[in-house]
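Survey of secondary and tertiary structure
One-letter residues, chain by chain:
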Number of protein chains: 2
Amino acid sequence: MDPNRCVLVVCDGLADRPIAELGGKTPLEAAETPSLDELARAGINGIIDPLSPGVPPGSDAANLALLGYDPFKVYRGRGPFEALGCGIRVQPRDVAFRTNFATLDDNLLLVDRRAGRKIDHVEELVKALEGLGSEEYPDVEVIFGHSVEHRGAIVLRGKGLSMRVSDPDPHVLGIRIPDSVPLDDSVEAKKTAFIVNELTRLSYKILRDHPVNRKRKEKGLPPANVLLLRGTGMLPQIEKLETRFGIKSAAIVANALVRGVCASVGMRLIDVPGATGRVDTDTLAKARYIVRNLEHFDLIYTHIKGADSASHDGNLKMKMKMIQKIDGLIGYLMDHIESESVYLAITADHTTPVPVGNHTGEPVPITISGPGVRVDDVTTFSEVACAKGGLGRLLGRELMPTLMNYLGNAAMYGA
Amino acid sequence: MDPNRCVLVVCDGLADRPIAELGGKTPLEAAETPSLDELARAGINGIIDPLSPGVPPGSDAANLALLGYDPFKVYRGRGPFEALGCGIRVQPRDVAFRTNFATLDDNLLLVDRRAGRKIDHVEELVKALEGLGSEEYPDVEVIFGHSVEHRGAIVLRGKGLSMRVSDPDPHVLGIRIPDSVPLDDSVEAKKTAFIVNELTRLSYKILRDHPVNRKRKEKGLPPANVLLLRGTGMLPQIEKLETRFGIKSAAIVANALVRGVCASVGMRLIDVPGATGRVDTDTLAKARYIVRNLEHFDLIYTHIKGADSASHDGNLKMKMKMIQKIDGLIGYLMDHIESESVYLAITADHTTPVPVGNHTGEPVPITISGPGVRVDDVTTFSEVACAKGGLGRLLGRELMPTLMNYLGNAAMYGA
C-alpha cells in the first residue's frame, strides 16, 4: 500500500450541547472514548461549520459540503439524492422527488404522511406501481424506486420538464393533498406540475383497493394508499470527485439519502452486510470493509447514522451507546491501517443535540491524523477541546481540499 | 517618524511539516529563534491560508494574496509578473510570457529546457535578440527582458492580441517544441499564436550560430539556442495599493517573479546590494535598507527567498541556517525600529516542506506586533503555536486589510 490514502469517518449528528444529566458535559465529553482521544492526541484538530456558522445543515447539504462542494451554490433539492439512494440512475436533466407512502381517508383527507411507517409486504405495493406514468404525457418516463419503510423516490425523464414546481406535501394532516403548482410562467413548469398531480391521483387509483391495503384496514392499520411527492430537485451540476482531484473514492454508507449524495459525486458505493443505517448497525463490519477495500481506493468515505437517530428520538442513552460503537470502530481502524501512509479523519456532518431533537447550527469537531500532519496539543476528541486545535475553524467544503493536500492531490493555483 | 508605519516580512516557503530527523518538530520549531519568539510574545499570532485551506499556492498567487488581492478573481498568468521583474513596463493590454533560454539539438529536438542554467556571457545573447520581432506582424512590438541564468520574459504589445493561446513549452525533453495553438476561435488568439511560433523560430535562427553558443558547444555545454515561451498571461486588472489604501509602499525583493508581483500593485522596488534571492543573501543588508527607508514609506514589504530554495532542494541543513538568518533580520529590526509607531509582521507565502520539495496547502504562521495590538499568550513563532493565537485563521488576502486597520488606513464600510 504505497501511495497515501485517506479514510474519512463522518458520524451523523454526533456533535451535541452540554447536557445537565451529564453534569454539563456533551455526550462526546462524557463518554469513555479512548480511541477517539488517542487519535486526537496523534493528530491535528479543529472545528468545522458544515455549511456556515449558525446554519443548521440538512443531511444532504452537509454531506455534499464535506465532500468538497459548496451547497449554497450547487444544491438543487433532495429528490435526486433520494432517487440515487434508491438505485435509480438519475440523469442531469431528470426532475426527481422523494416520495412517501401516505394515507388518505375516504374523504380524500390526508391522515398519515407515513402510512404508519412500518409497511409489511411493501414490495407488493411497489410492484403494483410498476408502469406508473402520465396519461396525458406518455413521452415522459416515470421511474419509481423504494428504499425502506414508507420512503421512496420518483424520477421524471423526458423533454420539457422543470423543477420549478411546488411540492404537493402539505406537511399537515386533515386536509386534501394540495395540487402542485408551477412556480414560474414556463410551459415546462406547467407541464411538470400537471404530471405530478396526475401521478398523485393515479397512485391513489392503483393503491386504494390493493389487497395489501385491504388487509391493513382490516387490521386497523393506515392503508398506504397514495404517493406523496416532495423534495423536488435536480442533480447538482458538479465536477465529479475523481475528475476534480484525480482520486478513486468509495463510500460505505447505509442511509439512502447520503448514499445518493455520494453517488452524485461519482463515488463507488460499497455495501456492508450488517450495516443498517440504524443504531443496531454493525460498526465493526464497516471497519473491516474499510480495511479490506483500502488498497483499491484513495479515499473511503464512511457515514455512520445511529447517533443522529438517537438525538432525533431524544434518546441520550442510545447516543452514548452509539459513541462507544464509534470509538470501537476508530480503535479497530487504528489497529489495522498503516499510519505511515493512511490519513484517518473523523468528524460529524452536523450537530444534533439530544435536548433539541433536530439539527442545529453549531460547528462539529474534526481530527486528522497521518504522515506529516502538524500535531497540536489537543488530547480529547470533543466539541470544545478540538476548537483549540491547530486547524482552527474550517468550512465543511474546505475539508476535502485539506485532505487532498495531504494526499498530494491538490492542484497548485498560480505558478 | 510620526505616523504609524508597517514592515511586513514574507519568508518564502518558511512553513514546513514535522520532520523525523528533528524529533517530529518542524524546522521552525527546532531552530533557535530568540527574536522570532520574542516578537510572537510581544504580538498577536495566527495562521494564514495564503489562498484557501488545502490549496498549494504558486509564488505569484501567494504574494498577490498577501498584498490584499484575491488571486482566484484577478490572477491571469505568470508571464506579466516575470516581465515586470525583468524591468519591462508591462501595460494593461500587453500579452506577456516568461522565457527560458533552452537547447535544441541538430534535429530540432528539445534536449535542455534551461540550457544548462548557468550561461556565461548571457548578456551577449540578450543583445543579439534586440529587435526580435514578428516578420508577419511588424505592427506588434516585441519586448524581451532577461533576469538571471536562463530566465527572461517577452511582452507582445499592439492591437488585436489575446492571452488565449497555449504555451509552446512541452515540459518534456526529446521532442520538437510544439506549436502554440489558439485556445478559442478569435482572430486575436490565432494572430498571437502565430507570432509566438514565429518568435520561437526566429530566436533559434538568431541564436543557433551565435559565437557564445559556438564556444559552449566546443566546451561540451548545451547551447542556449532557442527561447522557450511559457506562462502566458496579462496583468491583473486591479486597483493599486496606493489608491486602495492611500499608502506609499515599497518592496525589498530580489526574486524577479515576486518583484513583478510587487510592481504590478504599484509598489516602489528598492534594490539592496547583497540581496541575491538565494540562500547566500545578505539579510542584514536588507534589514538596514528597511530601517533606512522606513521614513519614506507607510509599508515596506520584504520578501526573503532562501528557505523555499532550501526546501525545494530537500536541504534541511540549509533551511535551518536560513531560519537563523531570518531570526537575525528580525532581531535587527526589533533593535532598530520604533516599536511605538512601527508594526512589524512576519509570515510565509506558503508551506514548502523539506520532505515534499514543493509547495503544499497547509496554512502559515503570522505574527503582528505594534502599538495597540491585542497581545495573546503565544510564546513561540511556529506553525502549531501560532494557530492558538488571537488572530485565529485568516485568508492571505485578509492580512493587508488587517495591517491597514492598524495603520488607520482602512476605510470604514457603512456609516
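What comes next concerns the included structure. Owing to the predicted nature of the structure, the values given are computational and were not obtained by experimental measurement.

Notes on the interface of chain A and chain B
The interface of chain A with chain B comprises 21 residues on the first partner and 32 residues on the second. Carbon and sulfur atoms supply 55% of the area buried between chain A and chain B, which totals about 2100 Å² over both sides. For chain A, the biggest contributors to the area lost against chain B are Arg374, Tyr413 and Ala415 of chain A; these three give 40% of the whole. The tally of links from chain A across to chain B stands at 1 salt bridge. One salt bridge in this structure joins lysine 388 of chain B and aspartate 377 of chain A, with 2.8 Å as the shortest N-O distance. Sorting elements by how many residues they give to the side of chain A that touches chain B places helix 14 (residues 396-407) of chain A first, with 5 residues. A breakdown of the residues in the side of chain A that touches chain B according to their chemical character gives 11 nonpolar, 5 polar and 5 charged.

A closer look at the packing of helix 2 (residues 34-42) of chain B against helix 13 (residues 316-336) of chain B
Residue and element names in this part refer to chain B. Running from amino to carboxyl end, helix 2 crosses helix 13 at an angle of 55 degrees, the nearest separation of the two axes being 7 Å. By the angle between their directions, the pair helix 2 and helix 13 is classed as oblique. Of the residues in helix 13, those touching helix 2 at Pro34, Ser35, Leu36, Glu38 and Leu39 are Asp327, Ile330, Gly331 and Met334. Of the residues in the contact of helix 2 with helix 13, the class split is 5 nonpolar, 2 polar and 2 charged.

Brief notes about the relation of the copies chain A and chain B
Expressed as a screw transformation, the operator carrying chain A onto chain B has a rotation angle of 124 degrees and an axial translation of 0.3 Å, and the superposed copies differ by an RMSD of 0.2 Å. Both chain copies can therefore be described as sitting about a three-fold axis. Little of the interface of chain A is mirrored in chain B, where only 5% of its interface residues are also at the interface.

What to know about the sheet that holds strand 10 (residues 299-304) of chain B
Residues and elements named next belong to chain B. Ordered by their spatial adjacency, 8 strands build an open sheet running 9-8-10-1-11-12-2-13, and the pairing between neighbours is mixed. Across the chains shown, the open sheet's two edge strands, defined by having one partner strand only, are strand 9 (268-269) and strand 13 (392-395). Pairing between strand 1 (residues 5-11) and strand 10: 6 bridges, direction parallel. Its bridge partner being in strand 10, leucine 8 is matched across the sheet by tyrosine 301.

Examining the nonpolar core
Inside soluble globular proteins, nonpolar side chains tend to come together where they are buried. If you look at the biggest cluster of nonpolar residues, it comprises 81 residues, and the most contacted ones within it are Val9, Leu67, Leu241 and Ile368 of chain B. At 8 residues, helix 13 of chain B tops the list of elements feeding residues into this core. Excluding its chain neighbours within four sequence positions, the residues that come into contact with valine 9 of chain B are Thr302, Ile304, Leu329, Ile330, Leu333, Leu344, Ala345, Ile346 and Thr347 of chain B. One finds Leu14, Val74, Leu316 and Val373 of chain A within the second-largest nonpolar core, a separate group that totals 80 residues.

Some remarks on the sheet that holds strand 13 (residues 392-395) of chain A
Residue and element names in this part refer to chain A. Strands sit in the order 9-8-10-1-11-12-2-13 across an open sheet of 8 strands; the sheet is mixed. The two strands at the open ends of the sheet, each matched to only one other strand, are strand 9 (268-269) and strand 13. Set on the sheet, helix 11 (residues 283-293) makes contact with strand 1 (5-11), strand 8 (249-252) and strand 10 (299-304); between it and strand 10 the angle comes to about 175 degrees. Here helix 14 sits on the sheet in contact with strand 1, strand 2 (44-49), strand 10, strand 11 (342-348), strand 12 (364-369) and strand 13, set at roughly 105 degrees to strand 13.

Details of the pairing of strand 7 (residues 226-233) of chain B
Residue and element names in this part refer to chain B. For strand 7, the tally of buried residues reaches 8 of 8 residues, placing the bulk of the element in the interior. Judged from the 6 bridges that link them, strand 3 (residues 95-104) and strand 7 form a sheet pairing that is antiparallel. Along strand 7, the bridge assignment pairs asparagine 100 with leucine 228.

The rules we used
Residues numbered from 1 in each chain as written. Chains lettered and ligands numbered in written order. Predicted model: local features only at pLDDT ≥ 70, side-chain atom pairs only at ≥ 80, totals over all residues. Heavy atoms only, no water. Contact = heavy atoms within 4.5 Å. Buried area = accessible area lost by both parts, 1.4 Å probe. Salt bridge = Lys/Arg side-chain N within 4 Å of Asp/Glu carboxyl O. Helix = DSSP H or I, 4+ residues; strand = E, 2+ residues; numbered from the N terminus. Nonpolar A, V, L, I, M, F, W, Y, C, P; charged D, E, K, R; others polar. Axes fitted to C-alpha atoms, helices over the stretch in contact; angles between N-to-C directions. Parallel < 35°, antiparallel > 145°, perpendicular 65-115°, else oblique. Least-squares fit on C-alpha atoms with pLDDT ≥ 70 in both. Pairing = 2+ DSSP bridges. Core = buried A, V, L, I, M, F, W, Y, C linked by side-chain atoms within 4.5 Å. Buried < 20%, exposed > 50% of the residue type's maximum accessible area, 1.4 Å probe, protein only.

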